[in-house]
Amino acid sequence: MNQKLNITLIVPVYNVGRYLEQCVRSILEQSYSVFEVLLVDDGSTDGSSELCDRLSSENDRVRTVHKENAGLGFARNTGLDNLHPESTHVMFVDSDDWLESDMVETFARAIEDTGADCVLGGFTKRDDKGSPQFEFKLEDAVWEGDELAKRLVPRVCGSAPEVSDSIPMSACSSIFAKTNIDEHALRFPSEREVISEDFVFKYKYLRTSNRVVTTSCVGYSYRTNLSSLSTSYRPDRFDASLFFYDYALRLVADSPSEAECVLRLKKTLFINMKMCISQEVTRVSGKSRRDACDAIRRMASDDRLSKVISDYPCERLGFTQRVFVELLRRRAASILYMAASSGVF
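Here goes a summary of the coordinates provided. Please read all numbers here as calculations on a predicted model, not as lab measurements.

1. A word on helix α3 (residues 72-81)
Three- or four-residue spacings in an α-helix give side chains the same orientation, since the helix completes a turn every 3.6 residues. Of all 10 residues in α3, seven are buried; the element is thus mostly enclosed. Buried within α3 are the following residues: Gly73, Ala75, Arg76, Asn77, Thr78, Gly79 and Leu80. Buried-residue contacts for α3 involve β1 (7-13), β2 (36-42), β3 (62-67), β4 (89-92), α6 (178-183) and α7 (197-208).

Below is the structure:
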């Protein structure tokens, strides 16, 4: 494949006036010229709507679509619904993040060289000032056939018990072929219904793929935002985590790698439990220590969680993870609270 790809980058925008110009500039300055930057204003109220319009008026590769607020997943869907017919590939960028200048070229060349349906990359997690905090890197490889279906796809569900080998559930730092998206009518659910809406889209997409590339490129800079949906207090997070687990189980049912996917989804549930417990500490939830411990105890006593723990090969986990799951099994709310407060888990 030698033809140049027409890549559209969909950027959902909601009250990010402080960061949006940096995000858009990082896309327009890519070494591989992108076809279009599609800004989807999700009902912003901080002036971001007007900023989107200004950026569109200043560069003919930037286009803005305005919509009522409905959340990140539906904003991405609006972007997919408004793609130009000439677009061949799609990437998603969150509006407070940015790209290193050669990221799009790295992904595009991988597709041009291999004919892959998709390229998956890593990311660099950065603080609000842009300083790196953590780097997540994948291996350089081409996946197809059983290797794709039975070894790569399950990794989107989470890590194996013994290792940390997951592929990020996020749809960012990836490139997708528009033909696959259109042929299978792929869209995102709302994150207000499913806490990892990206997983649903990404898993379904990978199941449609014949060849996928993973790259060691970490050109996507993910900005930590302490007020984001993933870190702000959500009283129903435990129920939402169980809902996602059940939803994902149905999604992977009857797949070629169902058993491996289920095993990894269980570990993902444990990771989500850490988030649930961490959010109960007083500095996040505002609850008294007693009320927080009561909430943790109720979560740990849930029959569905107890069943997952009893069925899981906990002996294969690393020491810290094994201790965490054992504390859940014992419903040791006070110890879990102290561990979360001190950042142990």
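Now that the structure has been shown, the text picks up again.
2. Looking at the environment of leucine 263
One can find leucine 263 in helix α9 (residues 258-278). Along the chain, leucine 263 and valine 34 lie 229 residues apart, while their C-alpha atoms are 39 Å from each other. Setting aside chain neighbours within four positions, we find leucine 263 in contact with Pro161, Tyr312, Pro313 and Arg316.

3. A look at the pairing of β1
Among the seven residues that make up β1, seven are buried, leaving the element largely enclosed by the rest of the structure. Pairing of β1 with β2 involves six bridges; the strand directions are parallel. Note that in β2 the partner of valine 11 across the bridge is leucine 39. A crossover links β1 with its parallel partner β2, the connecting element being helix α1 (residues 20-28), and its sense is right-handed.

Quick notes on the rules
- Note that residues are indexed from 1 along each chain, following the sequence as it is written.
- A pLDDT threshold of at least 70 governs which residues receive local features in this predicted model, and a stricter bar of 80 or more applies before side-chain atom pairs are shown or counted, although totals over entire chains, interfaces and linings include all residues.
- In computing side-chain properties, one takes all heavy atoms of the structure into account and sets aside hydrogens as well as water.
- Per-residue accessibility, obtained with a 1.4 Å probe over protein chains only, is compared with the maximum for each type, and a residue is labelled buried under 20%, exposed over 50%, and partly exposed between these values.
- Working definition: helices are DSSP H or I runs of at least four residues, strands are E runs of at least two. Numbering for both runs from the N terminus.
- Only heavy atoms matter for contacts: two residues are in contact if any of them lie within 4.5 Å across the pair.
- At least two DSSP bridges between two strands are required for those strands to pair.
- When the strands point away from the viewer and the path from the first strand over the helix to the second turns clockwise, the crossover is right-handed.

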